[in-house]
Amino acid sequence: MCGIIACAGVRRASEILYKGLCDLEYRGYDSAGISVRREDGIVTVKRAGRVSAIECARRLGGDAGIGHTRWATHGAPTDANAHPHNFGGFSVVHNGIIENYAQLKAELAARGDEFLSQTDSEVVAHLLAKYYRGDLKEAVIRTVRRLKGAFALCILHEEFGGFAAVKYRSPVIAGYGSGCFAASDMPALSGLADRVAVLKDGQIAFAGENGFTFCDFDGNAVSLTFSPLPPQLRSGGKAGFPHYMIKEINEIPAAIRQTAAAFEAEGCARAFAKLRRKKFSQVIVCGCGTAYHAALAAAYGGEELLGVPVRAETAGEYRYRRRRKLSGTLFVAVSQSGETADTVEAARAAKAAGARVIAVTNVPYSALTSVADVVVPVRAGAEICVAATKSYCGQCAALGLTFCALAGGRHYGRAKRALAEAAAMCADAISGCAAEDAARACASASAVYFIGRGADYPSALEGSLKLKEVSYIPGEGYPAGELKHGPIALIDGGTLTVAVITDPALAEKTASAVEQVCARGGRAAVVCAEGCETAGLRGRAEYFIAIPRSELFPAIVAAVPLQLIAYRTAVILGRDPDKPRNLAKSVTVE
Ligand code: G6P
């Protein structure tokens, strides 16, 4: 989605905002803009393109300002549609969607206001100007009470020395350091603020000469507690790697170990032992994109372990499904960011229907955590590359621990040991994986298909998604057994099929799908766990990538070569793996 940032009480606001926008850029990179307040008034620079397109804005100076990096929803990525939007002495940046913007725009246009953009956000600056009678607080409150949808706003006014920040269904974090700050997430505040507070829905912050004051949408004062910025949410830069994606793949073993340690330290096993006694009749695991694939991977093993039906659902579908009462249901919502709109709303809907909600997330202060009865931490650390890598493995680890703790008995201890082994296997796979040749084959293929059976099917889906996201090569993830029921019509010498085989019991079956591909002139690569190699497989497949075998966590170990193939393919093709076209890391709109 979009990223917003604000600062006040600082010297050279523009430098701070520019650096902050570079940290927030993974939230959207269609356009960027900065407004600063100087003695000569508010000055704005905004342009279509990446944050680097407004590099010149670094020299604007100012003692307060706001900044924005955009993922376009309303209106194309143009200079005019870039934020901030200015009107009547106000300058505004917005993350979210103003659902009633058309009606507000018509009302404001009828009184003579002219609009310069196609965005929903511009109405906010006009409403503020309409309601401003010398009292900023009053203008902000009257404005936000007119808005429907989701909005995180930062607001500058020419007569006010600081900024205002508003939070409603999109995140805003306030921070104190050598000034007052606000931003869409904590990593953007690292290096600026040492103490942070997370605003709740319906709260407004005013940063002035004497620090922050807070109120709600009725104008009542509220107080927020500031605490130290959690160390795991500091972004450590690329640390010598050429891209965040490869840096974050290298951090997979640490993400697994830290997730297991946090599960233990935060008493999750005890919480689930209690939940187990309450009995439940079904489990629904839900998420979007990569998080959905982690949900699906967990669901494969979950049913046998828990002895009740376990199913995975995509959140965007689940939230609009008509449903029965869900008492006796455990609803497990999986989200790296914890702010994906579909996942948060699916969790709210499940809770309203009577389910117990478990949130599995990498961001401890996110919207999803406020919906959940139990929060299971993923401790992957700040993930900056838009394509999820280490967070996927962290999610698989957290879900595995959750299900094993729910199952009780010896299962939890077994899961902890298996995860420690899986982390070591990932480290081996990262250093020893022969992904390069397969990546070259992907880079020259007309399409790449990923197949797998049983627990390898979610891996096939995730391998395919990863490659599509960062390389733009068309393809599909498919259950290996379904290949012959349709997709095989697409196989020719220009295509590559990547088979994932990590279950010895199903290895022959998937190997026969590889045979079918090769018999039609298709090229094949195999990601094969130890002990799963069938006779002749190495000779049939052009590329053979051997990985260690984890019985409990096959998806975690298989993810390593699949992510490396996607990364190397993107690099070979000259794509930017960290910021794929059209994508944003967290999607806070429907
Ligand atoms: C976006 C990202 C994906 C991610 C999905 C879910 O589409 O581009 O990489 O998997 O959102 O994000 P979440 O934060 O809920 O895991």
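Thresholds, definitions, all that
- Residues numbered from 1 in each chain as written.
- Predicted model: local features only at pLDDT ≥ 70, side-chain atom pairs only at ≥ 80, totals over all residues.
- Heavy atoms only, no water.
- Helix = DSSP H or I, 4+ residues; strand = E, 2+ residues; numbered from the N terminus.
- Buried < 20%, exposed > 50% of the residue type's maximum accessible area, 1.4 Å probe, protein only.
- Lys, Arg positive; Asp, Glu negative; His and termini not counted.
- Charge placed at Lys NZ, Arg CZ, Asp CG, Glu CD.
- Pairing = 2+ DSSP bridges.
- Contact = heavy atoms within 4.5 Å.
- Axes fitted to C-alpha atoms, helices over the stretch in contact; angles between N-to-C directions.
- Polar contact = N/O pair within 3.5 Å; in protein donor to acceptor, adjacent residues only side chain to side chain.
- Near = heavy atom within 4 Å.
- Areas by Shrake-Rupley, 256 points an atom, 1.4 Å probe, with all protein chains shown as cover.
- Parallel < 35°, antiparallel > 145°, perpendicular 65-115°, else oblique.
- Left-handed = near helix turned anticlockwise from the far one by under 90°.
- Expected span 1.5 Å × (residues − 1).

Draft legend 1. Structural detail: the overall build of the protein chain. Looking only at helices and strands, one finds 18 helices and 25 strands in the protein chain. Based on the C-alpha atoms only, the size of the protein chain along its principal axes is roughly 80 × 55 × 45 Å. Burial status across the protein chain gives 62% buried among its 590 residues. For the protein chain, the separation between the mean place of its 67 positive charges and that of its 58 negative charges on side chains is 5 Å.

Draft legend 2. Summary view of the sheet that holds strand E4 (residues 64-70). Pairing in this open sheet of eight strands is antiparallel, and the strands run E3-E2-E4-E1-E10-E9-E11-E15 from one edge to the other. Strands at the two margins of the open sheet, each flanked by one partner only, are strand E3 (41-48) and strand E15 (227-228). The pairing of strand E9 (residues 173-177) with strand E11 (residues 193-198) spans five bridges and is antiparallel. Considered in E11, the bridge of Gly175 is made with Val196. Strands in contact with helix H1 (residues 13-24) are strand E1 (3-8), strand E2 (31-38), E4 and strand E10 (180-183); relative to E1, the strand with the most contacts, it is inclined by about 155°.

Draft legend 3. A look at the side chain of Asp185. With respect to the helices and strands, the residue Asp185 is situated in the loop between E10 and E11. Separated by 3.2 Å, the side chain of Asp185 and the backbone nitrogen of Ala188 make a polar contact. The residues contacting Asp185, other than those within four sequence positions of it, are Leu24, Tyr26, Arg27, Ile173 and Tyr365.

Draft legend 4. Main features of the sheet that holds strand E7 (residues 149-157). Taken in spatial order, the seven strands line up as E5-E6-E7-E8-E12-E13-E14 in an open sheet, and their pairing is antiparallel. Sheet topology places strand E5 (85-87) and strand E14 (221-222) at the edges, where each strand pairs with a single neighbour. Strand direction decides the pairing type here: strand E12 (residues 203-208) and strand E13 (residues 211-216), joined by six bridges, are antiparallel. Across the sheet, residue Ile204 finds its bridge partner in E13, namely Cys215.

Draft legend 5. Inspection of the pairing of strand E23 (residues 495-501) at higher detail. By the criterion of burial, E23 is predominantly enclosed, with seven of the seven residues buried. Across the two faces of E23 the burial is the same, with Thr495, Thr497, Ala499 and Ile501 and Leu496, Val498 and Val500 all buried. Here six bridges tie strand E21 (residues 447-452) to E23, and the two strands are oriented parallel to one another. Across the sheet, residue Phe450 finds its bridge partner in E23, namely Val498. Looking at chain direction, E23 and strand E24 (residues 523-529) are connected through six bridges and run parallel. Across the sheet, residue Thr497 finds its bridge partner in E24, namely Ala524.

Draft legend 6. Quick peek at the site of the ligand. Around the ligand sit 14 residues, and of these Thr290, Ser335, Gln336, Ser337 and Thr340 come closest. Here an oxygen atom of the ligand sits 2.6 Å away from a polar atom, N or O, in the side chain of Ser335. The separation between an oxygen atom of the ligand and a polar main-chain atom of Gln336 is 2.7 Å. Here the ligand loses 90% of its free accessible area of 390 Å² to cover by the protein chains. Examining the composition of the shell around the ligand, we find that three residues originate from one element, helix H8 (residues 289-306), more than from any other.

Draft legend 7. Structural view of the environment of Thr369. Along the chain, the position of Thr369 falls in helix H11 (residues 367-371). Remark: the alpha-carbon pair of Thr369 and Arg133, spanning 236 residues in sequence, is separated by 39 Å. Once residues within four sequence positions are removed from consideration, Thr369 is found in contact with Thr361, Val363, Pro364 and Val375. A polar side-chain atom of Thr369 sits 2.6 Å from the main-chain carbonyl oxygen of Ser366.

Draft legend 8. Looking closely at the packing of helix H7 (residues 268-278) against helix H12 (residues 390-407). At their nearest, the axes of H7 and H12 sit 8 Å apart, and the two run at 50° to each other. With respect to H12, the axis of H7 lies oblique. Of the two possible hands of crossing, H7 and H12 adopt the one that is right-handed. On the side of H7, the interface is formed by Ala269, Phe272, Leu275 and Arg276, while H12 contributes Thr402, Ala405, Leu406 and Ala407.

Draft legend 9. Just helix H10 (residues 341-352), in detail. Its 12 residues place the ends of H10 16 Å apart at the C-alpha level, agreeing with the 16 Å of an ideal helix rising 1.5 Å per residue. Among the 12 residues of H10, nine are classified as buried, and the element is accordingly described as predominantly covered. Residues of H10 that are buried include every one of Ala341, Asp342, Thr343, Val344, Glu345, Ala346, Ala347, Ala349 and Ala350, and no others. The inward-facing, buried residues of H10 abut strand E16 (282-287), helix H9 (315-318), strand E18 (329-335), strand E19 (356-361) and H11. Where H10 ends, the next residue or the one after it, Gly354, has phi of about 105°, a positive value.

That is the geometry; function is a separate question.
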